[in-house]
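# Structural overview for review
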Amino acid sequence: MANIAMQRIRREFKEVVRSDEQSIKLELQEDNVLSLTGYITGPEKTPYEGGRFHVQITIPETYPFNPPIVKFTTKLWHPNISSQTGVICLDILKDQWAAAMTLRIVLLSLQALLSAAEPDDPQDAVVANQYKTKHSLFQQTARFWAQTFAGAPGPLNPDFQKKIDKFLEVAPRADRHTAIQQLSNFDWNIDKAIEDVYKSD
Amino acid sequence: MPETDDKSEDTATFECNICLDTAKNAVISMCGHLFCWPCLYQWLETRPQGQVCPVCKAGISRDKVIPLYGRGGSKTDPREKLPPRPQGHRTEPEADYAGPGGGHRYVFGDNPHFLSFGIGAFPFGFFASSFNLAGGAGNPMEHQHRDAAGPADHQMQDQLVSKLFLWLACIFLLWLLMA
Ligand SMILES: [Zn+2]
Ligand SMILES: [Zn+2]
């Protein structure tokens with residue numbers, strides 16, 4: 001079975017290279033054909049625009065009869081992606097997988113997911129709630145994350161910056177990632193974010 | 001496996017949609033998508049419930065795919081290999097089969113034992129099925145075909161039905177002897 005999997009990966013890899021799409025990229029790892037790194041660029045007119053997002057792709061031995069295991073290794077603020085672990089909620093990576101789908105289709109689908117979130121089928125409930133109830137704050141937060149973690153261009157939100165600095169003053173043991181995560185989780189309410197850090201200590 | 005990078009568009013048309021290689025023991029679905037039979041078989045085995053075409057997600061089943069026989073293809077019958085490729089949808093010659101039930105399996109697919117109860121050589125038909133000798137009564141190819149087809153629960157159902165009929169047949173014979 002692993003033979004079909006490896007043969008498919010080689011062909012799919014070439015397909016992505018040959019297609020010459022600028023917005024997706026696939027890299028083989030030297031030591032293991034069944035483990036790849038994918039890259040997608042954030043779609044235009046979304047908070048993710050201009051960012052470069054990495055995904056880790058693990059090919060099961062039963063591929064392509066079962067879907068690849070894919071998760072983001074770049075931190076991302078999106079209702080269908082865990083802001084903590086990068087785990088993705090996407091139907092084609094679960095029960096809607098079909099054996100004729102390829103890694104190219106997976107990467108393009110992830111890009112489409114960044115353009116069109118499905119907050120009613122969330123992976124990260126906190127993000128989904130913010131998306132639904134404070135949409136403008138959601139967009140600013142997602143942009144801030146894309147700039148901070150995925151290299152998206154543009155000046156950082158100064159209000160968010162100030163809150164992060166203040167958070168780090170009050171909780172000096174926390175690092176910058178934790179500060180951003182905590183503040184984002186609490187809709188950038190610094191009192192609640194700090195209170196929560198001390199609660200879990 | 002030879003590298004086949006520089007394939008023209010023409011040969012790509014005959015690539016299996018699952019392994020992406022030239023289709024071997026090719027079958028085609030009702031929606032027109034081409035696969036190797038072993039590839040499609042494994043896909044159907046992976047998804048016993050809600051079987052869909054791996055390309056377009058139309059409904060698909062092993063009884064509704066058509067084998068493609070090219071000229072000068074494999075000399076050996078692909079159905080003798082495991083898993084066997086399903087047969088083409090041609091009418092079986094009647095003389096070969098016990099009774100008019102022969103053509104029915106495509107209509108009623110899952111329950112050949114039950115059919116032979118109503119139509120076939122009753123009651124000995126049950127005995128045959130109960131001891132799993134159905135192949136002797138009918139077309140051996142069909143028997144092999146069905147065995148490979150069955151998701152486990154169907155086979156279990158079949159076995160259950162067979163056992164039930166075996167008992168019924170025994171009672172019937174006893175009753176015949178006593179009368
Ligand atoms: Zn194939
Ligand atoms: Zn199809």
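Please read all numbers here as calculations on a predicted model, not as lab measurements.

## Quick notes on the UniProt feature "domain: UBC core" (unreviewed entry) in chain A
- Cross-referencing UniProt, the feature "domain: UBC core" (unreviewed entry) maps to residues 4–151 of chain A in the present numbering.
- Helix makes up 36% of residues 4–151 of chain A and strand 18%, with an end-to-end C-alpha separation of 37 Å.

## A word on the UniProt feature "domain: RING-type" (unreviewed entry) in chain B
- When the UniProt feature table is mapped to this numbering, "domain: RING-type" (unreviewed entry) covers residues 16–57 of chain B.
- For residues 16–57 of chain B, helix accounts for 24% and strand for 17%, while the C-alpha atoms at its two ends are 16 Å apart.

## Considering the nonpolar core
Residue and element names in this part refer to chain A.
- If you look at the biggest cluster of nonpolar residues, it comprises 76 residues, and the most contacted ones within it are Leu 110 and Phe 167.
- Looking at this core element by element, the count peaks at 8 residues for helix 4 (residues 135–150).
- For Leu 110, the contacting residues outside a window of four places in its chain are Ile 40, Val 55, Val 70, Phe 72, Ile 88 and Leu 90.

## A closer look at the coordination of the zinc ion (ligand 1)
Residues and elements named next belong to chain B.
- Distances from the zinc ion (ligand 1) to its protein donors, Cys 16 (SG), Cys 19 (SG), Cys 36 (SG) and Cys 39 (SG), fall at 2.3 to 2.4 Å.
- Every donor counted, the 4 donor atoms about the zinc ion (ligand 1) form angles of 106 to 113 degrees at the centre, which fits tetrahedral coordination.
- Mapped onto the sequence, the residues coordinating the zinc ion (ligand 1) show the spacing C-x2-C-x16-C-x2-C. Pair check on accessibility: Cys 16 and Cys 19 agree, each one buried.

Criteria and cut-off values
- Residues numbered from 1 in each chain as written.
- Chains lettered and ligands numbered in written order.
- Predicted model: local features only at pLDDT ≥ 70, side-chain atom pairs only at ≥ 80, totals over all residues.
- Heavy atoms only, no water.
- UniProt positions renumbered as here; feature names shortened; annotations may be inferred.
- Helix = DSSP H or I, 4+ residues; strand = E, 2+ residues; numbered from the N terminus.
- Core = buried A, V, L, I, M, F, W, Y, C linked by side-chain atoms within 4.5 Å.
- Buried < 20%, exposed > 50% of the residue type's maximum accessible area, 1.4 Å probe, protein only.
- Contact = heavy atoms within 4.5 Å.
- Donors = N, O, S within 2.8 Å, 3.2 Å for Na, K, Ca; no water.
- Tetrahedral: all angles 85-135°; square planar, octahedral: opposite > 155°, others 65-115°.

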